[in-house]
Amino acid sequence: MTRLAIFGGEPIRRTPFARWPQFDEREQAALIEVLESGVWGGYNPKVAEFEQAFADFHEAKYGVTAANGTVTLEAALLAVGVHAGDEVIVPPISFIATATAVLRVGATPVFADIDEATYNLDPARIREALTERTRAIIPVHFAGQPAEMDALLEIAEERDLALIEDCAHAHGATWRGRRVGSFGTFGSFSFQASKNMTAGEGGILITNDSTLAERARSVCNQGRRSGGAWYEHVRLGTNYRLSGWQAAVLLAQLARLPQQLETRTANAKYLADQLSQLDIVTTPYVDERVTCHSYYLYPLRLNRERFPDLSKEKFVRALSAEGIPVAEGYPHPLYRNHVFEQHAHRRGDCPAAERMCEEVCWVSHEILLARQEDLRDFVAAVAKLSEHAVELARGDG
Ligand SMILES: Cc1ncc(COP(=O)(O)O)c(C=O)c1O
């Protein structure tokens, strides 16, 4: 009988999975071009070229690049005029930046619970969190699945709120056939090293509003105005500019994105078909209005009803021992971080977020770019854990 690798058995796989980031001669040639141009900073024409290409791809009019996907959120909040005393509704299931960007502009983050199935902000919980002070909502398209945009747009319109889509996980994802980032007041993307498009670091805001685009650009470029003089500063800004190097790499990454989205979608379907036959985990639920999930993450939910004694941490250790790179995921909802002991925030009850952190781990998107034989190893490893779930939970092998 086979033994689990965590208890000394043979692992399913010893060879590494696909590496991330990926690049080819397109990135290399573009970097050489910047090198030889002598214009290495944010005024290299590739920056403006990338801004327009990325905005076009996401069906928005304007693109404003910045140093990363944290300061893009801050710039968006500043551009829409969020300030001290205002409240901004955010999900507790996200990376810390979604909530700390609100603190950084002096406003108060208000955590509303997520939907149990999609892990995205639950519109009913948003309604409960609204007050006279609410000025904006920052939905996160968690893992690459667009948030409930129909309901979010309705709430934002009803209450005259800014809707800043945090699209850090969702490059190219679509809701009812339209790309994310162009629904709200702003869409904010990250190009940090792990993201589906990357230049190591970087970020962009997209919007359809020329005034807001100009304000965000000014915040990111020392308070300058478009067409203004170098030493003319019309508002409080700072230097958040993206460099020519990053724009060069991102143009090549954008060209590769459509094919990668197709590959991830096909492989996610294969995984869903195969893994749904195993009772140890539940595969991602995808809302039928989601027409493209970008699968930055592929979340696996441990079936705790069936295996109440099996912890997420143990499952992850066992799957890793079989040679599958799996991450534990978020250890707790954002509001449990010490930073919120020092800064004002509010929250409703978030039982779905608490449960999610106990039960959900994930593999990241490069696994979904792997070959079918690699994915077969993934399925075989989960099947092995499923078969040995009771002894894994007991821990005695
Ligand atoms: C949901 C979310 N928002 C914002 C960020 C911040 O982006 P960056 O790391 O580029 O600052 C990240 C990730 O890093 C993220 O996952």
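Residues numbered from 1 in each chain as written. Predicted model: local features only at pLDDT ≥ 70, side-chain atom pairs only at ≥ 80, totals over all residues. Heavy atoms only, no water.

1. With respect to the overall build of the protein
In terms of regular secondary structure, the protein is built from 13 helices and 14 strands. Here the protein has a C-alpha radius of gyration of 22 Å; the compact-globule value for 397 residues is 21 Å, and the two agree. Principal-axis analysis of the C-alpha atoms places the extent of the protein at approximately 75 × 55 × 40 Å. Taken over 397 residues, the protein has a buried fraction of 56%. Intrachain contacts of the protein at a sequence separation of at least 6 include 70% that bridge at least 24 residues. Carbon and sulfur atoms make up 50% of the accessible area of the protein, which amounts to about 16800 Å² in all. The centroid of the 41 positive side-chain charges in the protein is displaced by 2 Å from the centroid of its 53 negative side-chain charges. (Helix = DSSP H or I, 4+ residues; strand = E, 2+ residues; numbered from the N terminus. Rg over C-alpha atoms; globule rule 2.2 N^0.38 Å. Buried < 20%, exposed > 50% of the residue type's maximum accessible area, 1.4 Å probe, protein only. Contact = heavy atoms within 4.5 Å. Areas by Shrake-Rupley, 256 points an atom, 1.4 Å probe, with all protein chains shown as cover. Lys, Arg positive; Asp, Glu negative; His and termini not counted. Charge placed at Lys NZ, Arg CZ, Asp CG, Glu CD.)

2. A short note on the site of the ligand
If you check the shell around the ligand, you find 15 residues, and the closest are G69, T70, D166, S190 and K195. Across the complex, the protein chains shield 92% of the 380 Å² of accessible surface that the ligand would expose by itself. The class makeup of the residues in the shell around the ligand is four nonpolar, nine polar and two charged. (Near = heavy atom within 4 Å. Nonpolar A, V, L, I, M, F, W, Y, C, P; charged D, E, K, R; others polar.)

3. Brief notes about the packing of aromatic side chains
Following the criterion strictly, the structure yields 13 aromatic pairs and no others. Aromatic side chains F54 and F191 sit 5.5 Å apart centroid to centroid with 85° between the ring planes, which places their arrangement in the edge-to-face category. Pair noted here: F54 is in helix α2 (residues 45-57) and F191 is in the loop between β8 (186-190) and β9 (203-207), with a separation of 137 residues, a long-range link. Centroid distance Y119 to F142: 6.0 Å. Interplanar angle 90°. Geometry classified as edge-to-face. Within this pair, whereas Y119 is found in the loop between β3 (108-111) and α5 (123-129), its partner F142 is found in the loop between β4 (134-137) and α6 (149-159), the two being separated by 23 residues in sequence. Considered together, Y119 and F142 belong to a single accessibility category, that of buried residues. Joined through ring pairs, the aromatic side chains of F50, F54, F189 and F191 make up one cluster. The lysine or arginine in question, R178, covers the ring of F183, its NZ or CZ lying 4.4 Å from the ring centre. (Phe/Tyr/Trp six-rings, centres within 6.5 Å; stacked < 30°, edge-to-face > 60°. Lys NZ or Arg CZ within 6 Å of the ring centre and 35° of its normal.)

4. Examining α2
Compared with the 18 Å implied by 1.5 Å per residue over 13 residues, the 18 Å span of α2 between its first and last C-alpha is a close match. Among the residues of α2, those classed as buried are K46, V47, F50, E51, F54, A55 and F57. In a view along the axis of α2, the buried residues occupy a sector of 160°, so they form one face of it. N-cap assignment for α2: the residue whose side-chain oxygen lies 2.8 Å from the backbone N of K46 is N44. Just downstream of α2 lies E59, where phi reads positive at about 60°. (Expected span 1.5 Å × (residues − 1). Arc of directions from axis to C-beta. Polar contact = N/O pair within 3.5 Å; in protein donor to acceptor, adjacent residues only side chain to side chain.)

5. Overview of the sheet that holds strand β10 (residues 281-282)
Pairing is antiparallel across the open sheet formed by three strands, whose spatial order is β10-β12-β14. The open sheet terminates on both sides in strands that have one partner only, identified here as β10 and β14 (360-364). Alignment of β10 against strand β12 (residues 297-302), held across two bridges, turns out to be antiparallel. Opposite T282, over in β12, you have R301 as the bridge partner. Each of β10, β12 and β14 is contacted by helix α9 (residues 312-321), which is oriented at about 30° to β14, the strand it contacts most. (Pairing = 2+ DSSP bridges. Axes fitted to C-alpha atoms, helices over the stretch in contact; angles between N-to-C directions.)

6. Thoughts on the pattern of salt bridges
If charged atoms from side chains of opposite charge come close, those side chains can pair. For the structure shown, the criterion picks out 29 salt bridges. Notably, a salt bridge pairs D279 with R306, separated by 2.8 Å at the nearest N-O pair. With D279 in the loop between α8 (244-275) and β10 and R306 in the loop between β12 and α9, this residue pair connects regions lying 27 residues apart in the sequence. Among the residues examined, R306 registers a relative accessible area of 45% and is labelled partly exposed. Its salt-bridge partner being K384, residue E322 comes within 2.9 Å of it at the nearest N-O pair. Of this pair, E322 sits in the loop between α9 and α10 (339-342) while K384 sits in helix α12 (residues 372-387), and the two are 62 residues apart along the sequence. Neither E322 nor K384 differs from the other in exposure class; each is buried. Each of R13, R371, E373, D374 and D377 takes part in a single network of salt bridges with overlapping partners. (Salt bridge = Lys/Arg side-chain N within 4 Å of Asp/Glu carboxyl O.)

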